[in-house]
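Residues per chain are reported as follows:
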Amino acid sequence: MSDVIISVKDLTKRFGDFTAVNRITFDVERGEIFGFLGANGAGKTTAMRMLCGLSYPTSGSGTVAGYDVMREGEMIKRHIGYMSQRFSLYNDLTVWENIRLFAGIYGLSKSETESRATELLRRLNFTSERDTLVGALPLGWKQKLSFAVATIHRPEVVFLDEPTGGVDPITRRQFWEMIYEAADSGTTIFVTTHYMDEAEYCTRVSIMVDGEVRALDTPARLKEQFVAESMDEVFRILARGAKRGE
Amino acid sequence: MSAIKVENISKSFGKTKALDGVSFEVARGELFGLIGPDGAGKSTLFRLLTTLLNPDFGRAEVDGFDIVKEYRDIRKRVGYMPGRFSLYQDLTVEENLNFFAALFGVKVEDTYDLVAPIYRQIEPFKTRKAGKLSGGMKQKLALSCALIHRPSVLFLDEPTTGVDAVSRSEFWDMLSDLKQKGITILVSTPYMDEASRCDRIALCNEGRILSINTPKDIVSGFNSHSQNSSPNPVPTTLYAISAENMYQLLLSSRKCKGVVECYPFGEMHHLVVDETFDIECFKKELTDMKGLRIEPINPTIEDMFIKLMKQ
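Residues numbered from 1 in each chain as written. Chains lettered and ligands numbered in written order. Predicted model: local features only at pLDDT ≥ 70, side-chain atom pairs only at ≥ 80, totals over all residues. Heavy atoms only, no water.

### Notes on the overall build of chain B
Across its full length, chain B carries ten helices and 14 strands. Taken along its principal axes, the extent of the C-alpha atoms in chain B is 70 × 45 × 35 Å. Contacts in chain B between residues far apart in sequence, at least 24 positions, make up 67% of those at least 6 positions apart. Here chain B carries 39 positive and 41 negative side-chain charges, and the mean point of each set is 4 Å from the other. (Helix = DSSP H or I, 4+ residues; strand = E, 2+ residues; numbered from the N terminus. Contact = heavy atoms within 4.5 Å. Lys, Arg positive; Asp, Glu negative; His and termini not counted. Charge placed at Lys NZ, Arg CZ, Asp CG, Glu CD.)

So, in structure tokens, the structure goes:
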């Protein structure tokens, strides 16, 4: 099995005359926490949609979890995990019902669902909350559950789209510990965030400006390259040069 | 007289206590920040102070007027930018501005000196529909409309949420300029790093205020007992630590003597310790951690927030 989970070359998306994503090229390796940063309007969302199989590139080539980004969007969707700040769980379903729903969407069999759900509840210490409505859970629990549900089919790579927006500092850190843990056990994490301290937690970080990947390296080397104290400063140096708004 | 005076206000929605006995005052001309995550009660507080809701208990004044009895006077003199974009998407930039001027019975020219530094940035797009603007431009238009009647108090509910770091910083520069012009500003944000841009801040969580002070004095309370309401306050000190394997470092350091807690903080982990902590012992306990570094540091607002939340 290859150790490169995401590999894209010259990936481009045009809407009419507008080039939202302009020839981006990079690889993401197994077990990496890959931070995907960019100013508002830099093309992050469009790029991420192509990587998740939600939209086909205009040109370029690449694979995600072994499937072709130009042709196999459906297969990509089945083999990745996805979690966003906005859409995660159904508040008016119980913990158990949410797990069952997502397991069903990812095509797990009844017996697989049963065994993984039981294991998941035990691992999260949620067994006593099995029949609680998700809406009644504290935010930190909900976040843990939505990450667990997004990975119930054991994907090789999970896409997290601003998973911690508006979340309190303690819950935000608990969430990152979960990310660390998942990466430690070999899951690849692809994450976007506006919190620059979270960029420091990533193995490598890419920064998009005006549809292009302008920088890509470990946080330490990026800070060296841009003679900056923090990732916040690196981001500012790059984003200040942006020509387009959103 | 204070520009805003909130006395022991509570508000519930069904079983949810959105605000639970909140009190604070904002002085005239002050830039005051409500810092806290979702669910802290920030938006409810804004809706009370802009007279869109009535409190269950307690009272409040804005510019000397009671928020329940004298709501009409308040509505005339405050500007409000809600968290969700609430201008008319199918009117142009210019039409929105004229509309809000007409609502308040003022002429755009009369307030132009106040609005101009912000509005000029979007003026090239004045014939564009508001719904077609970028997020940053919408934010500037909303702020222009909130200022059109020259309000004495400006309420801004999470104006920088979801906005990138550079645009956020530019927005805070605009607020500093407005403050120079004598406008009182109450602004909320979930980003702890923005707290330093305020004169004073209130740290809020789950309907309560954890602490109110200048950003500088809030962090200076980290090592002392004064902020501590728990029965057995322990003086604590803060270190930053790092090693090659940051995840292992996090798990291992929590087991060391004198460590109260350890949590990720940017490129380092922050280590909160009590008086039984000894730095040499700590290094000895973690000899197998490659590249271990430890140094004492000054706490940030976020460290303080974490500490207060745990109490």
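### Quick notes on the side chain of E200 of chain A
Of note, E200 of chain A is situated in the loop between α7 (196–199) and β9 (204–209). A residue is classified by how much of its surface remains accessible, and E200 of chain A, at 12% relative accessible area, is buried. A polar atom in the side chain of E200 of chain A sits 2.8 Å from the side chain of K223 of chain A. Ignoring any residue separated from it by four or fewer positions in sequence, one finds E200 of chain A in contact with P219, K223, S230 and M231 of chain A together with G266 and E267 of chain B. (Buried < 20%, exposed > 50% of the residue type's maximum accessible area, 1.4 Å probe, protein only. Polar contact = N/O pair within 3.5 Å; in protein donor to acceptor, adjacent residues only side chain to side chain.)

### Describing the sheet that holds strand β8 (residues 184–189) of chain B
Residues and elements named next belong to chain B. Ordered by their spatial adjacency, six strands build an open sheet running β6-β7-β8-β3-β9-β10, and the pairing between neighbours is mixed. Strands with a single pairing partner mark the edges of an open sheet, and in this sheet they are β6 (78–81) and β10 (208–213). Averaged over all adjacent pairs, the angle separating strand axes in this sheet is 15°, with direction ignored. As defined by bridge partners, β6 adjoins strand β7 (residues 153–156) across four bridges and the pair is classed as parallel. The partner of G79 across the bridge, within β7, is L154. Running over the sheet, helix α5 (residues 135–147) touches β6 and β7 and is turned about 160° from β6. The sheet contacts of helix α10 (residues 301–310) involve β3 (31–35), β9 (200–205) and β10, and relative to β9 the element is tilted by about 40°. (Pairing = 2+ DSSP bridges. Axes fitted to C-alpha atoms, helices over the stretch in contact; angles between N-to-C directions.)

### Regarding the sheet that holds strand β4 (residues 59–64) of chain A
Residues and elements named next belong to chain A. Read from one edge to the other, the open sheet built from four strands follows the order β2-β1-β4-β5, with strand pairing classed as antiparallel. The strands lining the two open edges of the sheet, one partner per strand, are β2 (18–29) and β5 (67–68). Relative to β4, strand β1 (residues 4–15) is paired through five bridges, and the arrangement is antiparallel. When the bridges of β4 are listed, V8 appears paired with G62.

### Re the interface of chain A and chain B
With 27 residues of chain A at the contact, the number on the chain B side is 31 residues. Between chain A and chain B, the buried area comes to about 2500 Å², and carbon and sulfur atoms account for 58% of it. Ranking the residues of chain A by area buried against chain B places I170, R173 and Y180 of chain A at the top, with a combined share of 22%. The interface formed by chain A and chain B holds four salt bridges in total. Notably, a salt bridge pairs E302 of chain B with R173 of chain A, separated by 2.9 Å at the nearest N-O pair. Where chain A packs against chain B, one counts ten residue pairs in polar contact (both at pLDDT 80 or more). Elements with a contribution of two residues or more to the side of chain A that touches chain B: α6 (169–184) and α9 (231–240) of chain A. (Buried area = accessible area lost by both parts, 1.4 Å probe. Salt bridge = Lys/Arg side-chain N within 4 Å of Asp/Glu carboxyl O.)

### Digging into the packing of aromatic side chains
Under the counting rule described, the total for this entry stands at 19 aromatic pairs over all chains. Ring geometry for F36 of chain A and F190 of chain A: centres 4.9 Å apart, planes at 40°, overall tilted. Of this pair, F36 of chain A sits in strand β3 (residues 33–38) while F190 of chain A sits in strand β8 (residues 188–192), and the two are 154 residues apart along the sequence. Each member of the pair, F36 of chain A as well as F190 of chain A, carries the same accessibility label: buried. Taken together, a centroid distance of 5.7 Å and an interplanar angle of 35° make the contact between Y180 of chain A and Y247 of chain B tilted. Of this pair, Y180 of chain A sits in helix α6 while Y247 of chain B sits in helix α8 (residues 246–253), each in a different chain. (Phe/Tyr/Trp six-rings, centres within 6.5 Å; stacked < 30°, edge-to-face > 60°.)

### Here we look at the domain arrangement of chain B
Residues and elements named next belong to chain B. Taken as a whole, chain B is organised into domain 1 (4–219) and domain 2 (223–310). For domain 1 versus domain 2, the distance between C-alpha centres works out to 36 Å. In this assembly, 15 residues from domain 1 lie in contact with nine residues from domain 2. Buried area between domain 1 and domain 2, summed over both chains or domains, comes out near 1000 Å², and the portion from carbon and sulfur atoms is 74%. Counting across the domain 1 and domain 2 interface gives zero salt bridges. One can count zero residue pairs in polar contact (both at pLDDT 80 or more) joining domain 1 with domain 2. Mapped onto the side of domain 1 that touches domain 2, the elements with two or more residues apiece are β9, β10 and α7 (215–220). Its residues placed into classes, the side of domain 1 that touches domain 2 shows eleven nonpolar, three polar and one charged. (Domains from an automatic or database assignment. Nonpolar A, V, L, I, M, F, W, Y, C, P; charged D, E, K, R; others polar.)

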